[in-house]
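Chain residues, written in single-letter form:
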Amino acid sequence: MDIHIRSFVPDDHAAALALWQRTEGMGLNESDEASAVSMFLARNPGCSAVAVTNDGRLVGAMLCGHDGRRGSLHHLAVEPGFRQHGVGRRLVEHGLARLAAAGIVKCNIFVVPDNAEGTEFWLRRGWYRTPWLNLQTRLGT
Ligand SMILES: CC(C)(COP(=O)(O)OP(=O)(O)OC[C@H]1O[C@@H](n2cnc3c(N)ncnc32)[C@H](O)[C@@H]1OP(=O)(O)O)[C@@H](O)C(=O)NCCC(=O)NCCS
């Protein structure tokens, strides 16, 4: 079956969230709600991507954006029955091409520490571990 890669639009949110929720290794939180994802998409036009079948079923998704300095990828997921056919690679290529076109030269991804398979996916593609410790704060209440 042909799989089409296209930009992620707000109407894809429900199907993408459902995919993320049934995918191992996703760390989901309030930033994945429809309003937050719509804001992310609006700030990063065309960067995020979905994979859809001929009949319109969403079988892959990835969020991608940048802050003007560094790119970031989030929640790369492919439906199990559609893995090992280059869909993940094509989703990543879509995002990285948009980042490169915007002049971004580095991109980060956070991977859940016990996601060995997901980590391998990135390491085999030349992504490397950084020495940085990731710290975070919460704003508001
Ligand atoms: C990680 C993940 C997104 C990869 O998706 P995918 O569509 O299977 O990725 P690809 O098909 O592009 O690449 C996977 C393997 O299939 C191979 N492959 C690609 N096209 C192929 C083809 N036509 N025939 C056979 N194998 C192929 C690739 O070489 C790759 O193997 P390698 O990693 O040994 O190099 C998917 O396994 C997934 O959703 N995992 C759960 C969520 C996750 O861990 N996400 C990443 C962390 S954020």
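Above this text is the structure in question.
Right, let's walk through the structure included here. Just so it is clear, the model here is predicted, and its values are computed rather than measured. (Residues numbered from 1 in each chain as written. Predicted model: local features only at pLDDT ≥ 70, side-chain atom pairs only at ≥ 80, totals over all residues. Heavy atoms only, no water.)

Of all the positions in helix α4 (residues 116–123), only Gly118, Thr119, Phe121 and Trp122 are classed as buried. Buried residues of α4, seen end-on, are gathered within an arc of 155 degrees and therefore sit on one face of the element. Set apart from the buried face of α4 by more than 90 degrees, the exposed residues are Ala116 and Glu117. Tucked inside the fold, the buried residues of α4 contact β4 (71–78), α3 (87–101) and β5 (107–109). (Buried < 20%, exposed > 50% of the residue type's maximum accessible area, 1.4 Å probe, protein only. Helix = DSSP H or I, 4+ residues; strand = E, 2+ residues; numbered from the N terminus. Arc of directions from axis to C-beta. Contact = heavy atoms within 4.5 Å.)

Now for the site of the ligand. Around the ligand, the structure places 20 residues, and the nearest of them are Gln84, Gly86, Gly88, Asn115 and Arg124. Glutamine 84 has a polar backbone atom sitting 2.8 Å from an oxygen atom of the ligand. Surface burial for the ligand is 74%, taken as the share of its 930 Å² of free accessible area covered by protein chains. Breaking the shell around the ligand down by element, the ones donating at least two residues are β4, α3 and α4. Tallying contributions element by element places α4 first for the shell around the ligand, with 4 residues. By residue class, the composition of the shell around the ligand is 7 nonpolar, 7 polar and 6 charged. (Near = heavy atom within 4 Å. Polar contact = N/O pair within 3.5 Å; in protein donor to acceptor, adjacent residues only side chain to side chain. Areas by Shrake-Rupley, 256 points an atom, 1.4 Å probe, with all protein chains shown as cover. Nonpolar A, V, L, I, M, F, W, Y, C, P; charged D, E, K, R; others polar.)

On to the side chain of threonine 23, then. Within the secondary structure, threonine 23 sits in the loop between α1 (13–21) and α2 (34–43). Dropping the residues within four chain positions of it, threonine 23 is found in contact with Ala77 and Arg83.

Among the residues of α1, His13, Ala16, Leu17, Leu19 and Trp20 are the ones counted as buried. Relative to the axis of α1, the buried residues are bounded by an arc of 160 degrees and lie together on one face. Residues of α1 that are exposed and angled more than 90 degrees away from the buried face: Ala14 and Gln21. Residues of α1 that are buried sit in contact with α2, β3 (58–66) and β4.

Quick look at the nonpolar core now. One finds Met62, Leu73 and Leu91 to be the most contacted residues of the largest nonpolar core, which totals 21 residues. Elements with a contribution of two residues or more to this core: β1 (3–7), β2 (49–53), β3, β4, α3 and α4. Considering every element that reaches this core, the biggest residue donor is α3, with 4 residues. If we ignore the near neighbours within four places in the chain, the residues touching leucine 73 are Met62, Leu63, Cys64, Val92, Leu96, Cys107, Asn108, Ile109, Phe110, Trp122 and Trp127. One finds Met26, Leu41, Val52 and Leu63 within the second-largest nonpolar core, a separate group that totals 14 residues. (Core = buried A, V, L, I, M, F, W, Y, C linked by side-chain atoms within 4.5 Å.)

Within the fold, threonine 53 resides in strand β2. Among the polar contacts made by the side chain of threonine 53, one reaches the side chain of aspartate 55 at a distance of 2.4 Å. With near-sequence residues (within four places) excluded, threonine 53 lies in contact with Met1, Asp2, Ile3, Val59 and Phe82.

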